[in-house]
Amino acid sequence: MSESHTPKLAVLFVCLGNICRSPMAEGALRAVAAKSGLDCIVDSAGTAGYHIGDAPDERAIVTARADGVDISGLRGRQLDLEDFYRFTHIFALDTANLEGIRARAPRDGSAKVALLMDTVEGKQGGSVKDPYYGDDDDFRQVWEEILIAVSAMTTRFESEGVQAEF
Ligand code: 4NP
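Definitions and limits used
- Residues numbered from 1 in each chain as written.
- Predicted model: local features only at pLDDT ≥ 70, side-chain atom pairs only at ≥ 80, totals over all residues.
- Heavy atoms only, no water.
- Near = heavy atom within 4 Å.
- Polar contact = N/O pair within 3.5 Å; in protein donor to acceptor, adjacent residues only side chain to side chain.
- Areas by Shrake-Rupley, 256 points an atom, 1.4 Å probe, with all protein chains shown as cover.
- Phe/Tyr/Trp six-rings, centres within 6.5 Å; stacked < 30°, edge-to-face > 60°.
- Helix = DSSP H or I, 4+ residues; strand = E, 2+ residues; numbered from the N terminus.
- Buried < 20%, exposed > 50% of the residue type's maximum accessible area, 1.4 Å probe, protein only.
- Pairing = 2+ DSSP bridges.
- Right-handed = clockwise from strand over helix to strand, strands pointing away.
- Axes fitted to C-alpha atoms, helices over the stretch in contact; angles between N-to-C directions.
- Parallel < 35°, antiparallel > 145°, perpendicular 65-115°, else oblique.
- Left-handed = near helix turned anticlockwise from the far one by under 90°.
- Contact = heavy atoms within 4.5 Å.
- Nonpolar A, V, L, I, M, F, W, Y, C, P; charged D, E, K, R; others polar.

A. Main features of the site of the ligand. The immediate surroundings of the ligand are formed by Cys15, Leu16, Gly17, Asn18, Ile19, Cys20, Arg21, Tyr50, His51, Asp130, Tyr132 and Tyr133. One of the backbone nitrogen or oxygen atoms of Asn18 is found 3.2 Å away from an oxygen atom of the ligand. Alone, the ligand offers 350 Å² of accessible surface; in the complex the protein occludes 92% of this.

Right, here's the structure in full:
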């Protein structure tokens, strides 16, 4: 039987610790995808291994919860080699982590690697600032930036599917 197979959209968000920005992005895309009916696997990871098995930072949980998004069940994990084959798209939350991802990428990895902010017109090349040493306002700002980006990427995925490049 010959059946053409389109790979299923699978998106991985990567920050440093996987307890602040990338789990917020994971929760945001899960929520937007569920609302818009976008069929998509969503996950997040850190380039560092400091918080493997940890729940998201309480401030990240509270910030997402204010918009009805529950990220409390997510747990930290570190980026691994398999991720470059399992995911169609890997989005780094900032330029330092983009470099960390690229440094680990296998030559034959199939994932398209970009910055999260590359999805937003006029914000290409930009970083989502690490809020870990910041305050509640910093977390809210991160959340707002993430919401804009996941909404922009969802629109592109809806029209271009897995072929979308950012
Ligand atoms: P994230 O924030 O990369 O957005 O998860 C951080 C979380 C923890 C640390 C740094 C950044 N840390 O140094 O433990």
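Anyway, onward from the coordinates.
B. The packing of aromatic side chains, seen in detail. As enumerated under the stated definition, the model contains four aromatic pairs in all. Ring geometry for Phe13 against Phe91: centres 6.0 Å apart, planes inclined by 25°, an arrangement best described as stacked. With Phe13 in strand E1 (residues 10-15) and Phe91 in strand E3 (residues 89-92), this residue pair connects regions lying 78 residues apart in the sequence. A relative accessible area of 1% places Phe91 in the buried class. Ring plane angle 80° and centroid distance 5.5 Å describe the contact between Phe157 and Phe166, whose orientation is recorded as edge-to-face. On the basis of relative accessibility, which here comes to 2%, the residue Phe157 falls in the buried class. Following the ring pairs from residue to residue traces out a cluster consisting of Phe13, Phe91, Phe157 and Phe166.

C. Layout of the pairing of strand E4 (residues 112-115). Looking at chain direction, E3 and E4 are connected through four bridges and run parallel. When the bridges of E4 are listed, Ile90 appears paired with Val113. You can see the chain leave E3, run along helix H4 (residues 95-104) and come back into E4, and the turn it takes is right-handed.

D. Geometry of the pairing of E1. Here E1 lies mainly inside the structure; six of its six residues are buried. Alternating positions in E1 separate into two faces, Ala10, Leu12 and Val14 on one and Val11, Phe13 and Cys15 on the other, with burial throughout. In this structure, E1 lies alongside strand E2 (residues 41-46), joined through six bridges in parallel fashion. Bridged to Val11 within E2 is Val42. Assessed by its sense of winding, the connection that carries the chain from E1 through helix H1 (residues 21-36) to E2 is right-handed. Where E1 and E3 come together, four bridges link them in parallel fashion. By the bridge assignment, Val11 is partnered in E3 with His89.

E. Looking closely at the packing of helix H2 (residues 58-65) against helix H5 (residues 136-160). Running from amino to carboxyl end, H2 crosses H5 at an angle of 55°, the nearest separation of the two axes being 10 Å. As judged from the angle between their axes, H2 and H5 are oblique. The interaxial crossing formed by H2 with H5 has right-handed handedness. Together, Arg59, Ala60, Thr63 and Ala64 of H2 and Asp136, Phe139, Arg140 and Trp143 of H5 make up the contact between the two elements. By residue class, the composition of the contact of H2 with H5 is four nonpolar, one polar and three charged.

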